[in-house]
Amino acid sequence: MWQLPYELMGVLALSAMWVNALLIALDTGGRWVALGCLFREMRRAAKGGHLFKAQVVVGHGEEGVFARREVKQIGRAMTVPGPRRILFTDKATRIEIMGGEGEVPGRGRLVVKPEEGATLWCELKPQWGDANAFEAAWPQASTFQGYDTQVERWVRAGEEVWVWLVEPPSKGIARARLVSTTDPFPVLRRARLPLIGAALASIGGAAVVTILALWPPLFGPVSTLGGALGLAFFLGIQPVGAFARDAGRLPDQQPVGGVWQQSVG
Amino acid sequence: MDVEGVEKKDLIPSSTMKSSKRVDTWLLHHRADRRQLGIVGLYITTLFAMYFWPPARNPIVFVLACALSFLNAVVIHNHLHKGIFKSKTLNRLFRCVLSFGALYPASANIASHNLVHHHFDDDGQPDWASPSHVSFRWHLLNLIHFPNVVGPYTFRGVRRWSLTTRQADFRSQYLMEQVFAFGLTGILFIFDFWTTLFFIVMPQLWGARGILRINLIQHDGCDLESEWNHSRNFVGRWFNWIMCNNGYHTIHHNRAGLHCSVLAEKHKEECVGRIDPRLDEPSMLLYLLRTFVFRFSRPKPIRPKGEVAQKFAHGIELAPREERRLDAELEALAE
């Protein structure tokens, strides 16, 4: 029976590595491009006066809420050695833009109404409570069902927000597609960075590995080092790509998670 | 729920319950599992044959090893649902062998498959292997790329789950499987790097990545919220003989405790007539060609409408998904 030459197997291995490296680059690079389009669209909107900073004066939701994001979480008691901790995982996320009235410098007061599908960009920081709250949560967190909780962020009167409108305000009414509690431009820049980094690392890493693996003499010491690095690269670039995808998510899709540790003393 | 009770009942298929023929052997819970042992034995033999005996490094043995590697991952799936051996120690040792075959710790399946994937995103937590993780317009790229995304998500999820598991020895077992799988592969690397890379690691990774792709193949376009239309079935007879009945996926999701040898029968009893007929594919090969090779766009989701939906809506006693999830967790704890 015809034996498979190692050169052919090497081509097969390098091909598999390249196909997957290119797909990771295409995936992360595609997301980088998409965020770039969003960035440019926002910049045009800012120039055209559709994206601006405003101060919330009145919220039309209950208790004067202008917008809110809530993330349901499930907490499970950690069973690894060490202090008692509860590990939280996100479940459902809910975003609501109730709208209200905002004071816009140079434009006066605007009534902001949410467009369908409007979203909120904001940071969510879990605030789980004190030592007593931990003691109360621990037994439930130690069951199969886990400890259900919720992290919330409400935007109310007095807060500064960035509002991106679908179109210029008409008769003092503005229809919002995005409300953000932080400047959206740096947010997008930060999100894009890991994506392009992963795309370049994917192609660059594959190129370096290929050069080393093909270093003469084939299957010699340098070539073998290239083969070893190739396997490490193939296995390592996948989590790098997944990390970049996660880091490149928009703020309304970012997970909250978190670990609640029993306070000592 | 009594875990022991569930296992005993489910180990005896109804077809064999009618006759007095024993389904177990002195070693195995089920005679049919000899096929699974044969698959793994043949696979490990092909790997070591290629490593130690140069004439075995030919296209036929190499392709066979890749195919068997995928089946080794299928056996991991089955074994982690239902331990093959009566001896718990043997089951644990067998997991190490399977882990070497797939180059990943077999026990990862408990969290990633039994506890998370089987319940999709019912509790609001996304399935680590959800088809929605890939979104290229050309669907073939999704198939190739899928393991690049869901692999890291899966192992990250397993690592998080292992921090909270109450399965007392999960972490030590998981570590043992890694030491065995990576250690043995590492030793082979030391003695012959290139032969190990080409004839051991490439088949190992083919199987490990293939089993991840199955999630896309079996669930893409299905209605994960439905009790019956959440999975695609491949019902070819020979295919299921080789695949240890893993083509019958709807019934496997609905009744994860059933032994794989009874899935064909239970599929006919419970699923046919209740699932959308478009989710019963006669051939996986034809499906793959039709879906990934002969078209460039992703097929539209399959959703029964109007009369069709009505036709498939008639009920059968299925425990609520929360209850089934709890059962799976208890089984994982007991295994």
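Computed from a predicted model, the values in this text were never measured in an experiment.

Quick look at the domain arrangement of chain A
Then, in step 1: As far as domains go, chain A holds domain 1 (6-32 + 189-253) and domain 2 (49-182 + 257-261).
Then, in step 2: In this structure, domain 1 of chain A and domain 2 of chain A have C-alpha centres spaced 37 Å apart.

Considering unusual backbone geometry
Then, in step 1: The omega torsion of the bond from Pro216 of chain A to Pro217 of chain A falls at -5°, within 30 degrees of zero and hence cis.
Then, in step 2: Mapping Pro217 of chain A onto the fold places it in the loop between helix H3 (184-213) and helix H4 (221-247).
Then, in step 3: Unusually for a residue other than glycine, Leu103 of chain B sits at a positive phi of about 60°.
Then, in step 4: As for its placement among the helices and strands, Leu103 of chain B is situated in the loop between helix H5 (88-102) and helix H6 (108-116).
Then, in step 5: You will see that Cys244 of chain B, though not glycine, has its phi angle at about 55°, which is positive.
Then, in step 6: By the element assignment, Cys244 of chain B lies in the loop between helix H10 (237-242) and helix H11 (249-254).

Digging into the sheet that holds strand E6 (residues 147-156) of chain A
Strand pairing in a sheet is mediated by backbone hydrogen bonds. Such pairs are either parallel or antiparallel.
Then, in step 1: Strand order in the open sheet formed by four strands is E6-E2-E3-E9 (chain A), and the pairing between neighbours is antiparallel. The open sheet is flanked by E6 and strand E9 (259-261) of chain A, the only strands paired with a single partner. Neighbour-to-neighbour, the strand axes of this sheet turn through a mean angle of 30°, independent of strand direction.
Then, in step 2: Looking at chain direction, strand E2 (residues 65-77) of chain A and E6 of chain A are connected through ten bridges and run antiparallel. Considered in E6 of chain A, the bridge of Val71 of chain A is made with Val151 of chain A.
Then, in step 3: Strand contacts of helix H2 (residues 131-141) of chain A: E2, strand E3 (85-97), E6 and E9 of chain A, with the helix running at about 95° to E3 of chain A, the strand carrying the most contacts.
Then, in step 4: Strands E2 and E3 of chain A of the sheet are contacted by helix H7 (residues 139-164) of chain B, whose axis makes an angle of about 125° with E3 of chain A.

Observations concerning the interface of chain A and chain B
One frequent convention defines the size of an interface as the accessible area lost when the parts assemble.
Then, in step 1: At the junction of the two partners, chain A supplies 46 residues and chain B supplies 45 residues.
Then, in step 2: Of the roughly 3,900 Å² buried where chain A meets chain B, counting both sides, 66% is carbon and sulfur surface.
Then, in step 3: It is Tyr6, Leu23 and Phe144 of chain A in chain A that bury the most area against chain B; as a group they hold 17% of the surface buried on that side.
Then, in step 4: In this structure, the connection of chain A to chain B is made through one salt bridge.
Then, in step 5: The salt bridge involving Arg156 of chain B is made with Asp246 of chain A; its shortest N-O contact spans 2.8 Å.
Then, in step 6: Inspection of the chain A/chain B interface yields 18 residue pairs in polar contact (both at pLDDT 80 or more).

Here we look at the nonpolar core
Then, in step 1: Judged by nonpolar contacts, the single largest core of 87 residues is most densely connected at Met50, Phe62, Leu197, Phe198 and Ile217 of chain B.
Then, in step 2: If you look at the next biggest cluster of nonpolar residues, it comprises 19 residues, including Ala54, Phe66, Ile97 and Val155 of chain A.

Some thoughts on H5 of chain B
Residues and elements named next belong to chain B.
Then, in step 1: In this model H5 runs 21 Å from its N-terminal to its C-terminal C-alpha over 15 residues, within 8% of the 21 Å that 1.5 Å per residue would give.
Then, in step 2: Asn91, Arg92, Phe94, Arg95, Cys96, Leu98, Ser99, Phe100, Gly101 and Ala102 are the residues of H5 that are buried.
Then, in step 3: Those residues of H5 that are buried lie in contact with helix H3 (33-52), helix H4 (59-81), H6, helix H8 (170-191) and helix H9 (193-219).
Then, in step 4: At the N-terminal boundary of H5, the capping side chain belongs to Ser87, with an oxygen 3.3 Å from the backbone nitrogen of Thr89.
Then, in step 5: A positive phi of about 60° marks Leu103, the residue just after H5.

Examining the packing of H5 of chain B against H9 of chain B
Each pair of packed helices can be summarised by the angle the axes make with each other and by the distance between the axes.
All names here are of chain B.
Then, in step 1: Remark: H5 packs on H9, axes separated minimally by 7 Å, with the N-to-C direction vectors making an angle of 100°. Considering their axes alone, H5 and H9 lie roughly perpendicular with respect to each other. Mapping the contact onto sequence places Phe100, Gly101 and Ala102 in H5 and Ile200, Gln204 and Ala208 in H9.
Then, in step 2: Considered class by class, the residues forming the contact of H5 with H9 number four nonpolar, two polar and no charged.

Side note on the pairing of strand E7 (residues 160-165) of chain A
Residues and elements named next belong to chain A.
Then, in step 1: In terms of residue burial, E7 counts as a mostly covered element, since five of its six residues are buried.
Then, in step 2: Taken together, the five bridges between strand E1 (residues 51-59) and E7 define a ladder with antiparallel strand orientation. Residue Gln55 lies in a different strand from E7, and its bridge partner there is Glu160.
Then, in step 3: Across four bridges, the pairing between E7 and strand E8 (residues 173-180) is antiparallel. The residue of E8 that forms the bridge with Leu165 is Ala176.

Rules used in this analysis
- Residues numbered from 1 in each chain as written.
- Chains lettered and ligands numbered in written order.
- Predicted model: local features only at pLDDT ≥ 70, side-chain atom pairs only at ≥ 80, totals over all residues.
- Heavy atoms only, no water.
- Domains from an automatic or database assignment.
- Helix = DSSP H or I, 4+ residues; strand = E, 2+ residues; numbered from the N terminus.
- Pairing = 2+ DSSP bridges.
- Axes fitted to C-alpha atoms, helices over the stretch in contact; angles between N-to-C directions.
- Contact = heavy atoms within 4.5 Å.
- Buried area = accessible area lost by both parts, 1.4 Å probe.
- Salt bridge = Lys/Arg side-chain N within 4 Å of Asp/Glu carboxyl O.
- Polar contact = N/O pair within 3.5 Å; in protein donor to acceptor, adjacent residues only side chain to side chain.
- Core = buried A, V, L, I, M, F, W, Y, C linked by side-chain atoms within 4.5 Å.
- Buried < 20%, exposed > 50% of the residue type's maximum accessible area, 1.4 Å probe, protein only.
- Expected span 1.5 Å × (residues − 1).
- Parallel < 35°, antiparallel > 145°, perpendicular 65-115°, else oblique.
- Nonpolar A, V, L, I, M, F, W, Y, C, P; charged D, E, K, R; others polar.

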